[in-house]
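# Observations on the three-dimensional arrangement
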There are 2 protein chains.
Amino acid sequence: MTTSRLQQEIKKKRPFEAVEQEALLNLVRTNDQISIRFGRLFREHGLTPAQYNILRILRGEGKPLPILEIASRTLTVVPGITGLIDRLEQAGYVNRVRCEKDRRVIYVAITETALGRLAELDEPVADLHRQLACGLTAGELKELSRLLEKLRGPLA
Amino acid sequence: MTTSRLQQEIKKKRPFEAVEQEALLNLVRTNDQISIRFGRLFREHGLTPAQYNILRILRGEGKPLPILEIASRTLTVVPGITGLIDRLEQAGYVNRVRCEKDRRVIYVAITETALGRLAELDEPVADLHRQLACGLTAGELKELSRLLEKLRGPLA
DNA sequence: CGTACATAGTTTACATGTCAATTATCGGCA
DNA sequence: TGCCGATAATTGACATGTAAACTATGTACG
């Protein structure tokens, strides 16, 4: 691995910089590894990660949600949601229901089919969580959560 | 927020489970926040995150790399690389060079144009790193790196 | 030599994330 | 009533991630 002159200068001038970059890079890489594994699991059960995410939100809420509310909870940019809901609806996992009071709003309701699909996934998902986190103790996991929340704090 | 009966049972049976899920969820959410910000910065300079990633790898290496080597370093699934390199080549950021010894191999070489574009981004990227990590002390960042590496360890 | 297998890249098909622009509806206010 | 700006959702164009199938080239082995 060649270390560029620029990187050497950075290390000299601001030793702190390296620590920041290393932590953020570690975070991104770790997330990649984890997301890939969950993605494979979801696909084995006929769902994409984004679809699973939306269905989990709807199940957790226990009642239909407006499309924009879903978009805001998934960090998905608004236009992406439309096609996502389209495909979920085609697959029979959700229904669109237009709001009577405000006809601009469209509620999305989860179906029994989708609830069944999610139930199938609950155990495998829990297993994967265990497997992925097996290298850390409960204390370390708590500390990791604390640091991540503190890191995320100023971003809100 | 409704807590499902299933979740309650899980909490009863395996209090450890909640800690794992919380840590992994925190990781994914934090990564989303960070990636969104870097993505915006790259796009302001005419690059997508994936393109920036590849150009950084080529600059760091200092010499042309085979396409599959790049794919392995970016965790990109192979087919995705082709179009990515296509667009980088169209934009004048890389050149394809066929290997003489093994004509199956195609080397990708970074151009001066791309190096200039990367140089423009070095300061803003460093600034963003600082800004994102400002909530944590150097010690906390080191601890975060340690935990993430330990978490990632068994996945390799 | 020549067949079988392995490797490097590409193509195709589809789901997603992103931005800019558009449509439908609401609410307020003259 | 009727226009105006705001809000909810969609559409269109493009880049990316993913899986399966295909092409071209290389290598091993009989």
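These lines cover the structure that appears in this document, whether it is placed above or below. None of these values were measured; they are calculated from a predicted model. Within every chain, residues take consecutive numbers counted from 1 along the sequence as written. Chain letters and ligand numbers both follow the written order, the letters beginning at A and the numbers at 1. For this predicted model, a pLDDT threshold of at least 70 governs which residues receive local features, and a threshold of 80 or more governs which side-chain atom pairs are given and counted, while totals over whole chains, interfaces and linings are taken from all residues. Calculation of side-chain values draws on the structure's entire complement of heavy atoms; hydrogens and water are dropped beforehand.

### Structural notes on the packing of helix α7 (residues 138-152) of chain A against helix α7 (residues 138-152) of chain B
What counts, and what does not: Only the contacting stretch of a helix is used when fitting its axis, a line to C-alpha atoms as for every element, and angles between N-to-C directions run 0 to 180 degrees. Helix and strand assignments come from DSSP, with helices taken as H or I runs of at least 4 residues and strands as E runs of at least 2, each series counted from the N terminus. Roughly parallel here means an angle under 35 degrees, roughly antiparallel means over 145, roughly perpendicular means 65 to 115, and every remaining angle is called oblique. For any helix crossing, the convention is left-handed if the near helix is rotated counterclockwise from the far helix by under a right angle, and right-handed if that rotation is clockwise. The contact definition used throughout considers only heavy atoms, calling two residues in contact when any of these lie within 4.5 Å. For this classification, the nonpolar set comprises Ala, Val, Leu, Ile, Met, Phe, Trp, Tyr, Cys and Pro, the charged set comprises Asp, Glu, Lys and Arg, and every other residue, Gly included, is treated as polar.
One can describe the packing of α7(A) onto α7(B) by two numbers: an axis separation of 10 Å at closest approach and a directional angle of 125 degrees. Viewed along their axes, α7(A) and α7(B) adopt a mutual orientation that is oblique. Relative to α7(B), α7(A) is oriented so that their crossing is left-handed. Each of A:Glu140, A:Glu143, A:Leu144, A:Arg146, A:Leu147, A:Leu148, A:Lys150 and A:Leu151 in α7(A) lies in contact with α7(B), whose residues at this interface are B:Glu140, B:Glu143, B:Leu144, B:Arg146, B:Leu147, B:Leu148, B:Lys150 and B:Leu151. Class assignment for the residues of the contact of α7(A) with α7(B) results in 8 nonpolar, no polar and 8 charged.

### A look at the protein's contact with DNA strand C
Condition: What makes a residue near a molecule or strand is one non-hydrogen atom of that residue sitting within 4 Å of it. Each polar contact in these results corresponds to two N or O atoms within 3.5 Å; when the atoms are within protein, one needs to be able to donate a hydrogen and the other to accept it, and residues that are neighboring in sequence are counted only if both atoms are side-chain atoms.
Neighbouring DNA strand C are 24 residues; A:Thr48, A:Arg87, A:Arg104, B:Leu68 and B:Ile106 lie closest to it. Taking all atoms of DNA strand C within 4 Å of the protein, the share assigned to sugar and phosphate is 75%. At a separation of 2.7 Å, a phosphate oxygen of DNA strand C approaches a polar side-chain atom of A:Arg87. A distance of 2.7 Å is found between a phosphate oxygen of DNA strand C and a backbone nitrogen or oxygen belonging to B:Ile106. Here the surface near DNA strand C gets 4 residues from one element, more than from any other, and that element is helix α5 (residues 78-90) of chain A. The residue inventory of the surface near DNA strand C, partitioned by class, reads 11 nonpolar, 5 polar and 8 charged.

### Some words on the protein's contact with DNA strand D
In the vicinity of DNA strand D there are 22 residues, among which A:Leu68, A:Pro79, A:Ile106, B:Thr48 and B:Arg87 approach most closely. Of what DNA strand D places within 4 Å of the protein, 75% of the atoms are sugar or phosphate. Take A:Thr82: an N or O atom from its side chain is 3.0 Å from a phosphate oxygen of DNA strand D. Those elements that place two or more of their residues in the surface near DNA strand D are α4 (67-74) and α5 of chain A together with α3 (49-61) and α5 (78-90) of chain B. Among the elements that take part in the surface near DNA strand D, α5(B) stands out by supplying 4 residues, more than any other.

### What about the interface of chain B and chain A?
Put simply, the rule is: When a carboxyl oxygen of Asp or Glu lies within 4 Å of a side-chain nitrogen of Lys or Arg, that pair is called a salt bridge.
With 54 residues of chain B at the interface, the matching set in chain A holds 54 residues. On inspection of chain B and its partner chain A, the count reaches 4 salt bridges. The partner of A:Lys150 in a salt bridge is B:Glu140, and the shortest N-O contact between them spans 3.0 Å. For the pair chain B and chain A, the interface holds 16 residue pairs in polar contact (both at pLDDT 80 or more). Looking at the side of chain B that touches chain A, the elements with two or more residues in it are α1 (5-13), α2 (15-44), α3, α6 (112-133) and α7 of chain B. Grouping the constituent residues of the side of chain B that touches chain A by class yields 24 nonpolar, 12 polar and 18 charged.

### Some points on the relation of the copies chain B and chain A
Rules: We place the copies in one frame by least squares, fitting the C-alpha atoms of every residue whose pLDDT is at least 70 in both.
At an RMSD of 0.0 Å, chain B and chain A line up after a rotation of 180 degrees and a shift of 0.0 Å along the axis. On the angle and the small slide along the axis, the relation comes out as a two-fold axis. Looking at chain B, 100% of its interface residues are interface residues in chain A too, so the copies touch through the same face.

### Overview of the nonpolar core
Nonpolar side chains tend to gather and get buried jointly when the protein is soluble and globular. Here is the rule: We define the nonpolar core as a collection of buried residues of types Ala, Val, Leu, Ile, Met, Phe, Trp, Tyr and Cys that are connected through side-chain atoms lying within 4.5 Å of one another. Each residue is placed in one exposure class: buried if its accessible area under a 1.4 Å probe, protein chains only, is under 20% of its type's maximum, exposed if it is over 50%, and partly exposed if it falls in between.
If you look at the biggest cluster of nonpolar residues, it comprises 78 residues, and the most contacted ones within it are A:Leu144 and B:Leu144. If we skip the residues at most four places from it in the chain, A:Leu144 touches A:Leu136, B:Ala23, B:Leu144, B:Leu147, B:Leu148 and B:Leu151.

### Side note on a nonpolar patch on the surface
All names here are of chain A. Put simply, the test is: Patch criteria: residues need more than 30% relative accessible area and no salt bridge. Like-charged residues are merged within 9 Å; nonpolar side chains of Val, Leu, Ile, Met, Phe, Trp and Tyr are merged within 5 Å. Note that accessible areas follow from Shrake-Rupley with a 1.4 Å probe, and for residues the cover is restricted to the protein chains shown.
A contiguous nonpolar surface patch, about 290 Å² in accessible area, is contributed by Leu68, Val77 and Val78. Relative to the assigned elements, Val78 resides in helix α5. Residue class for Val78 comes out partly exposed when judged on its relative accessible area of 46%.

### As for the sheet that holds strand β2 (residues 94-98) of chain B
Residue and element names in this part refer to chain B. What counts is decided by this rule: At least two bridges found by DSSP between two strands are what make those strands a pair.
The 3 strands lie next to each other as β1-β3-β2, forming an open sheet whose pairing is antiparallel. Of all strands in the sheet, those with a lone pairing partner are β1 (65-66) and β2, marking the two edges. Of the strand pairs in this sheet, β2 and strand β3 (residues 106-110) are connected by 5 bridges, and their pairing is antiparallel. Counted as the bridge partner of Asn95 is Ala109 from β3.

### Points about the pattern of salt bridges
Should the charged atoms of two oppositely charged side chains come close, the side chains can pair. Residues and elements named next belong to chain B. In total, this model carries 20 salt bridges over all chains according to the counting rule given. The salt bridge partner of Arg73 is Glu69, with a shortest N-O separation of 2.7 Å. Linking Arg73 with Glu69, this pair stays in helix α4 (residues 67-74), spanning 4 residues, or about one helical turn. Arg73 gets classed as partly exposed once you look at its relative accessible area, which sits at 36%.

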